[in-house]
Amino acid sequence: MSLFRRNPDPIGPLDYARRFWLRAIVAVTLFFLYAPILGLIAFSFNDSRRNVVWRGFTTDYYVKFFNNDGLMLAFGNSLTIALMTTVVATILGALTAYVLWRYRFPGKAVYEGGMALPIVIPEICMGVAMMVFFARIGWPTGLPWPINLGSITIAHIAFAFPFAAIVIRARLENFNRELAECARDLGASEYRVFRDIVVPHMKPGLIAGGLLAFTLSLDDFVITFFTAGPDTVTFPVKIYSMVRFSVTPEVNAASTILILLTLVVTTIALWLQNRNNMIGKSAH
Amino acid sequence: MSEAPIIQIKNVSKVYGGSVKAVDEVDLEVHRGEFFALLGPSGCGKTTLLRMLAGFEVPTAGQVIIDGHDMAKVQPNKRPVNMVFQSYAVFPHMSVEQNVAYGLKMDRRPSGEIKKRVAEALELVKLGGLGKRMPDEMSGGQRQRVALARALVKRPSVLLLDEPLSALDAKLREAMQLELVRLQKTVGITFVIVTHDQSEALSMANRIAVMNAGTVQQVAPPTGLYEAPASRFVADFIGKINLIDATATRAGDGEVKVNAPKIGEVTLKGTAEGKVALAVRPEKIFVADKQPADPGVIAVKGKVGEVAYFGSYSNVFFDIGLGTPLQADISNVTSDVEEFTFKAGEEYWIYWRKADTLVLGD
């Protein structure tokens, strides 16, 4: 249904999309959601040092971005941390989800709540706590790359793995336990059941959980800010420090790259998940 | 049977949470090559019993012996039994072939043998040529065949089937019943099936154990269960039956004198005494305009109440002055509708042979 074409039929009780106020609210929401982002992307191509008036198209700032060693280093740091976080958080999350789903043990509810705590604790508290913790235990600084990213990575894993665990747990909820019993009945050991039957079922959850951990880590600012040192600057922290002086088109270009990267990763993950869902559907 | 039974269940109980008795001191024997059914209402413990045979439940007390070996310490993956699950449990991420081959792979059979046996098993369940399909490309009936092939390919001593036909539609279910009987005869493996559907059990099994509230009520061949139920519960659970409360006293060898309202005193074969139920199946009841003279029958006067038409027969309820009406299944032997139609309020004599009357204790 076109938004503007006149529809001669009277508006029915369920034709919400044809009511003026609802359309207006949707339009305003979309405007405030996407106008800033589109503006940011547009001005990354603006041929002017100041970010106010349009002076013509240029890709200079992308060239500048790729030639800015500080930014590129921060970008590399962020990607490295995000990849390590993704791998470890997904494995930890999967194991946590499996244990909580498969077994009954005393204090399970407490453990489940405790595990999800990093989701509800304000990030600023997590950040301060991490900073104090690493200072207290005397975490060594000045190590060579990439070992110097260890503290940030550990902090990221700590707050990202509960998200992965919850996503994977949700996927396990609709697992048909008869599948596991059947594999066992056919001669599989507990380990083979996990490997051959449970993990394939978890796969969409693993992908979604991993993606979540990746994006959480990639764009985290607060916790990273508190755990980062002068030689372990990440991309968001670097952009923040650049913005403190002025918002240059270079920052716009950097942000656009970040958006693009997130979009590509999300698309791949969604595509993979869709494909897996098609295969997994007949399980129920 | 001369051979030792393939399954011996000795005094087995399963108690949940210290008090809920799912299975209560059950003794059962299943013979080699038999098609055995566990029949009962939901919650009677039949599935728990089957799961104990498969090893997914551990008996609280008692002994499970399969093929001469005590199963107490044997894990499910080491037992000489295989199971067809209610949901079929076909692995969704594996092709039909991979599904069927899984059990053999776990046994580390050589790949040539696996290939041959998988093809044979698929042929057996009439899925030859569909080996490359994925489960989501198959119908429910086909998926069930995959589950059957996957269990049979391992050549178990016993095949366990947990409500295998409950998810199929009526037509397919009937076809599959015949198919299962054919399959069992072909492979010669002992089948133990759990079902709540009596017609399924009656039509397929050699012997049936009727269960209720965790205990076995009666073990008998289908005809034995239907024509000579051991208790009121079994009689009521299997098929339709008229039950009239009565009292009985011993009247000689294997005979009792039964006193029932509206019927009076009759001497019948039976052993139950005290408070009993006089029972007769609806299809064994006849209808006449005049009182029958035959001394070998029991006859009462009744007024036609509800009539339910089922095509080949009509289920007619007669009010004989007791709380519950007597139901009779009258065959519609003519296509003359006027002739077989019963009109409400009409009076008839209804009678049945004394030999068809059962005297049941509780």
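Residues numbered from 1 in each chain as written. Chains lettered and ligands numbered in written order. Predicted model: local features only at pLDDT ≥ 70, side-chain atom pairs only at ≥ 80, totals over all residues. Heavy atoms only, no water.

Undergrad: A description of the overall build of chain A should follow, citing residues and the corresponding values.
TA: From N to C terminus, chain A includes eleven helices and zero strands. Starting at the N terminus and ending at the C terminus, chain A contains elements arranged as α-α-α-α-α-α-α-α-α-α-α. Taken against the 2.2 N^0.38 rule, which gives 19 Å for 284 residues, the C-alpha radius of gyration of chain A at 24 Å runs more than 25% over that of a compact globule. Expressed along its principal axes, the backbone C-alpha trace of chain A runs to roughly 70 × 70 × 30 Å. Within chain A, the fraction of its 284 residues that count as buried is 39%. Partitioning the contacts of chain A with sequence separation of at least 6, the portion at a separation of at least 24 is 70%. Summed over its atoms, the accessible surface of chain A is roughly 16100 Å², and 71% of this surface lies on carbon and sulfur atoms. Each charge class in chain A can be summarised by its mean position, and for the 24 positive and 17 negative side chains these summaries are 4 Å apart. (Helix = DSSP H or I, 4+ residues; strand = E, 2+ residues; numbered from the N terminus. Rg over C-alpha atoms; globule rule 2.2 N^0.38 Å. Buried < 20%, exposed > 50% of the residue type's maximum accessible area, 1.4 Å probe, protein only. Contact = heavy atoms within 4.5 Å. Areas by Shrake-Rupley, 256 points an atom, 1.4 Å probe, with all protein chains shown as cover. Lys, Arg positive; Asp, Glu negative; His and termini not counted. Charge placed at Lys NZ, Arg CZ, Asp CG, Glu CD.)

Undergrad: I'd love a proper account of the overall build of chain B, names of residues and values included.
TA: Secondary structure assignment for chain B yields nine helices and 20 strands. Expressed along its principal axes, the backbone C-alpha trace of chain B runs to roughly 75 × 50 × 40 Å. The buried share of chain B, taken over its 362 residues, is 50%. Considering only contacts within chain B whose residues lie at least 6 apart along the sequence, 66% involve residues at least 24 apart. In chain B, which carries 43 positive and 43 negative side-chain charges, the distance between the mean positions of the two groups comes to 8 Å.

Undergrad: Describe the interface of chain B and chain A, and please don't skip the residues or the numbers.
TA: Contacts between chain B and chain A engage 27 residues on the former and 21 residues on the latter. Of the charged contacts in the structure, one is a salt bridge between B:Arg51 and A:Glu181, with a shortest N-O distance of 2.6 Å. Seen at the junction of chain B and chain A, the total is eleven residue pairs in polar contact (both at pLDDT 80 or more). At the level of secondary structure, the elements contributing two or more residues to the side of chain B that touches chain A comprise helix 1 (46-54), strand 6 (81-84), helix 2 (96-106) and helix 4 (140-152) of chain B. (Salt bridge = Lys/Arg side-chain N within 4 Å of Asp/Glu carboxyl O. Polar contact = N/O pair within 3.5 Å; in protein donor to acceptor, adjacent residues only side chain to side chain.)

Undergrad: Before we move on, could you go through the pairing of strand 14 (residues 274-280) of chain B and cite the residues and values that matter?
TA: Residues and elements named next belong to chain B. Burial runs high along strand 14: five of the seven residues are buried. As defined by bridge partners, strand 14 adjoins strand 20 (residues 358-360) across three bridges and the pair is classed as antiparallel. Residue pairing in the sheet places Leu278 in a bridge with Val359 of strand 20. (Pairing = 2+ DSSP bridges.)

Undergrad: Help me get a handle on the packing of helix 4 of chain B against helix 5 (residues 170-187) of chain B, residues and values and all.
TA: All names here are of chain B. Two numbers describe how helix 4 lies on helix 5: the axes approach to 12 Å, and their chain directions differ by 15 degrees. Classed by the angle they form, the pair helix 4 and helix 5 counts as roughly parallel. Both helix 4 and helix 5 take part in a crossing whose hand is right-handed. Residues Gly141, Gln144, Arg145, Leu148 and Leu152 of helix 4 pack against Leu172, Met176, Glu179, Leu180, Leu183 and Val187 of helix 5. (Axes fitted to C-alpha atoms, helices over the stretch in contact; angles between N-to-C directions. Parallel < 35°, antiparallel > 145°, perpendicular 65-115°, else oblique. Left-handed = near helix turned anticlockwise from the far one by under 90°.)

Undergrad: So what about the side chain of B:Asn315? Which residues, and what values?
TA: Mapped onto the elements of the fold, B:Asn315 is located in strand 17 (residues 313-319). Here B:Asp329 takes part through its side chain, which lies 2.8 Å from a polar atom of the side chain of B:Asn315.

Undergrad: Describe in detail a nonpolar patch on the surface, supporting the description with residues and values.
TA: A surface patch of nonpolar side chains, about 560 Å² in accessible area, is lined by A:Val26, A:Leu30, A:Leu33, A:Tyr34, A:Ile37 and A:Leu38. With respect to the helices and strands, the residue A:Ile37 is situated in helix 1 (residues 20-43). (Patch = residues over 30% accessible without salt bridge, like charges linked within 9 Å, V, L, I, M, F, W, Y side chains within 5 Å.)

Undergrad: Which residues make up the sheet that holds strand 6 of chain B, and what values go with them?
TA: Sheet strands pair via backbone hydrogen bonds, and the direction of the pair is either parallel or antiparallel. Residues and elements named next belong to chain B. With respect to topology, six strands assemble into an open sheet ordered 6-7-8-3-9-10, the strand pairing being mixed. The outermost strands of the open sheet, each flanked by one partner alone, are strand 6 and strand 10 (215-220). Pairs of neighbouring strands in the sheet enclose a mean axial angle of 20 degrees, with direction left out of account. Taken strand by strand, helix 4 contacts strand 6, strand 7 (158-162) and strand 8 (190-195), and its axis lies near 175 degrees from that of strand 6.

Undergrad: Provide a residue-level description of the environment of B:Ala272, including the pertinent values.
TA: All names here are of chain B. Along the polypeptide, Ala272 turns up in the loop between strand 13 (264-269) and strand 14. Judged by relative accessible area, Ala272 falls into the buried class, the value being 16%. Between the C-alpha atoms of Ala272 and Leu358, which are 86 residues apart in sequence, the distance is 9.9 Å. Setting aside anything within four residues of it in sequence, one finds Ala272 in contact with Ala248, Val256, Val359, Leu360 and Gly361.

Undergrad: Outline helix 6 (residues 150-173) of chain A, listing residues and values.
TA: Residues and elements named next belong to chain A. Compared with the 34 Å implied by 1.5 Å per residue over 24 residues, the 34 Å span of helix 6 between its first and last C-alpha is a close match. Residue Ala160 marks the point of greatest curvature in helix 6, where the axis turns by about 35 degrees; the proline Pro162 follows within four residues. Extensive coverage of helix 6 is indicated by the burial of 17 of its 24 residues. (Expected span 1.5 Å × (residues − 1). Bend = angle between axes of the 7 residues up to and from the residue.)

Undergrad: Can you tell me about the sheet that holds strand 15 (residues 286-288) of chain B, naming the residues and giving the values?
TA: Residues and elements named next belong to chain B. One open sheet holds the five strands; their spatial order is 15-19-16-17-18, and the pairing between them is antiparallel. Strands with a single pairing partner mark the edges of an open sheet, and in this sheet they are strand 15 and strand 18 (326-331). Neighbour to neighbour, the strand axes of the sheet diverge by 50 degrees on average, direction disregarded.

Undergrad: Any details on the environment of B:Leu202? Residues and values, ideally.
TA: All names here are of chain B. Its location among the elements puts Leu202 in helix 6 (residues 198-204). Looking at Leu202, the relative accessible area reads 25%, which means it is partly exposed. Each C-alpha atom, one on Leu202 and one on Thr223, is 8.0 Å from the other, the two residues being 21 residues apart in sequence. Apart from residues no more than four positions distant in its own chain, Leu202 is found in contact with Ile208, Pro222 and Ile238.

Undergrad: Any details on the pattern of salt bridges? Residues and values, ideally.
TA: All names here are of chain B. Following the criterion strictly, the structure yields 26 salt bridges over all chains and no others. Among the ionic pairs, Glu227 bridges to Lys284, the shortest N-O distance being 3.2 Å. Residue Glu227 is found in helix 7 (residues 222-227), and its partner Lys284 is found in the loop between strand 14 and strand 15; the two are separated by 57 residues along the sequence. Residue Glu227 is classed as partly exposed on the basis of its relative accessible area, which comes to 42%. Residue classification places Lys284 among the buried positions, given a relative accessible area of 15%. Here the salt bridges share partners, and the residues they tie into one network are Lys126, Arg145, Glu179 and Arg182.

Undergrad: With reference to specific residues and values, describe the side chain of B:Asp329.
TA: Residue and element names in this part refer to chain B. Among the secondary structure elements, Asp329 is positioned in strand 18. Residue Asp329 is classed as buried on the basis of its relative accessible area of 13%. A polar contact is formed between the side chain of Asp329 and the side chain of Lys240, at a distance of 3.2 Å. With residues up to four places along the chain from it excluded, the contact list for Asp329 reads Lys240, Pro282, Glu283, Tyr313, Ser314 and Asn315.

Undergrad: Give a detailed account of the confidence of the model for chain A, specifying residues and quantitative values.
TA: Residues and elements named next belong to chain A. When the pLDDT values of chain A are averaged, the result is 85; 93% of them are 70 or greater. Confidence scores differ between elements of chain A, with helix 11 (residues 249-280) showing the lowest mean pLDDT of 77 and helix 7 (residues 177-185) the highest of 93. Within the model, the stretch residues 280-284 combines pLDDT values under 50 with eleven contacts to residues more than four positions away or in other chains. (pLDDT = per-residue confidence, 0-100.)

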